[in-house]
Structures are given as C-alpha cells and as structure tokens.
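# Results of the structural survey
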Amino acid sequence: LADVHGVSWTSPPARGLLTLLSSILSSILRRAAASVPTISQPGVVESKVVDAGAGVSVAYNTSNVTIMGLDSLSDFKVLGDDRDHVNATLRTGAVTAAFALDAEVRAAPFLQHLPSPRVHVVVIARLANVTLTTRWRVPVRGHSASMLHPAPSAGGGERP
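Residues numbered from 1 in each chain as written. Predicted model: local features only at pLDDT ≥ 70, side-chain atom pairs only at ≥ 80, totals over all residues. Heavy atoms only, no water.

### Considering the overall build of the protein
Of the regular secondary structure elements, the protein holds 2 helices and 7 strands. Here the contacts in the protein between residues at least 6 apart in sequence split such that 68% fall between residues at least 24 apart. (Helix = DSSP H or I, 4+ residues; strand = E, 2+ residues; numbered from the N terminus. Contact = heavy atoms within 4.5 Å.)

### Observations regarding the layout of surface pockets
Looking at the largest pocket, its volume works out to about 330 Å³. Taken together, 13 residues form the lining of the largest pocket, with Leu-70, Leu-73, Leu-90, Thr-92 and Leu-132 sitting closest to its centre. No other element matches helix 1 (residues 12-35), which puts 3 residues into the lining of the largest pocket. Partitioning the lining of the largest pocket into residue classes produces 12 nonpolar, 1 polar and no charged. (1 Å grid on protein atoms, 1.4 Å probe; cavity = no way out; pocket = protein on both sides within 12 Å on 5 of 7 lines; lining within 4 Å. Points joined across faces, edges and corners; volume = space filled by probe spheres on them. Nonpolar A, V, L, I, M, F, W, Y, C, P; charged D, E, K, R; others polar.)

### A look at the side chain of Thr-62
Of note, Thr-62 is situated in strand 2 (residues 56-68). With residues up to four places along the chain from it excluded, the contact list for Thr-62 reads Gly-43, Val-44, Val-45, Glu-46, Phe-99, Ala-100 and Leu-101.

### Examining unusual backbone geometry
The phi dihedral of Ala-54 falls on the positive side, at around 55°, and the residue is not glycine. Note on placement: Ala-54 falls in the loop between strand 1 (38-53) and strand 2. On the basis of relative accessibility, which here comes to 70%, the residue Ala-54 falls in the exposed class. (Buried < 20%, exposed > 50% of the residue type's maximum accessible area, 1.4 Å probe, protein only.)

### Quick look at the pairing of strand 5 (residues 94-107)
Walk down a regular strand and you will see the side chains alternate between the two sheet faces. Bridge analysis of strand 2 against strand 5 gives 11 bridges, and the strand direction is antiparallel. Residue pairing across strands places Met-68 opposite Thr-96, the latter belonging to strand 5. (Pairing = 2+ DSSP bridges.)

### Observations concerning a nonpolar patch on the surface
Side chains of Leu-20, Ile-24 and Ile-28 sit close together on the surface and give an oily, nonpolar patch of about 280 Å² of accessible area. Relative to the helices and strands, Ile-28 is located in helix 1. On the basis of relative accessible area, Ile-28 is assigned to the partly exposed category, the value being 49%. (Patch = residues over 30% accessible without salt bridge, like charges linked within 9 Å, V, L, I, M, F, W, Y side chains within 5 Å. Areas by Shrake-Rupley, 256 points an atom, 1.4 Å probe, with all protein chains shown as cover. Salt bridge = Lys/Arg side-chain N within 4 Å of Asp/Glu carboxyl O.)

### Section: the sheet that holds strand 1
Taken in spatial order, the 4 strands of this open sheet run 1-2-5-6, and their pairing is antiparallel. Of all the strands in the sheet, the pair left with one neighbour each is strand 1 and strand 6 (118-128). Recorded for the sheet is a direction-independent mean angle of 20° between the axes of neighbouring strands. Pairing analysis gives 11 bridges linking strand 5 to strand 6, with the strands arranged antiparallel. Across the sheet, the residue bridging to Asp-102 is His-120, located in strand 6. (Axes fitted to C-alpha atoms, helices over the stretch in contact; angles between N-to-C directions.)

So, in structure tokens, the structure goes:
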C-alpha cells in the first residue's frame, strides 16, 4: 500500500501536479519580473557589530541595496525532492546587485590609543546565469497524499 505520510513525486498524478504548479508560478513570476525589473531599498538595510576577538570589533552598515535584471528570468521549475519536500528552482540571465558598505574597526577601552580605521565602499556584483534553489516542506497527508501515489498493481507493487 502507498505510504500516506508523504508523497511519491514520481507518480504520474504528482508529476502532473508539479508540472502544472511550475507552469502557473512561472507565468506569475515572469509577469511580476517584467513589471518590476529592479528592486531598490534606500537607506540603511542592516547594522551590526561583530566581535573580531582580542578586544576588537567591527561595526558595519549596509545601505542602498539595488538588484537589477530580474526581468531576465529564464526558467522556473518545481520538482519533488523527498516525500515531504519539493525544490523550487529559479534561473535568470544577468543580474546586477549593488549596495553601500560602511565599516569601522572599534577597539576595546584598553586599546583606545590605536587608530580606528573606517571604510566606505560601494559593492557591485554582476552575475550571469544565476540559479536559486529553495527547498519547501509540503506536508500532504491522508486522502490527498494517497491520491498522489500510484495505485498498487495486481502483483502488489507500485506502477512505474
């Protein structure tokens, strides 16, 4: 009997469901990317202080994040992974990401006599053929899960 505590993603109904899901989501993502090819987040996005050890820490801010080229989306697929997970894979052509980084090295009070270097840089990354894969938990149970399993054959095994 089929294991109703998860999905057999290789069964014909499950493969059909994944293909349909890929098609629908791909269409939605392409429309969204075409209408918003650039994402921009002005101002400070993140501020942190990181302990570097030996009485030294680094304080930094990332700001003015911009991601361009989202309209270069070339492929989106949802594929089964294991009985409780699917992988969603998004592929793009060329994507450019940029942000400002301000950092300062801070010394502990007993090291205050040392200079405190500061830096301001703008980071720009141009990436081609970007693939982003995310893994999603899909808790399909009971009757729904049994519908996505192949029916047992007369020999007691599952159909291919």
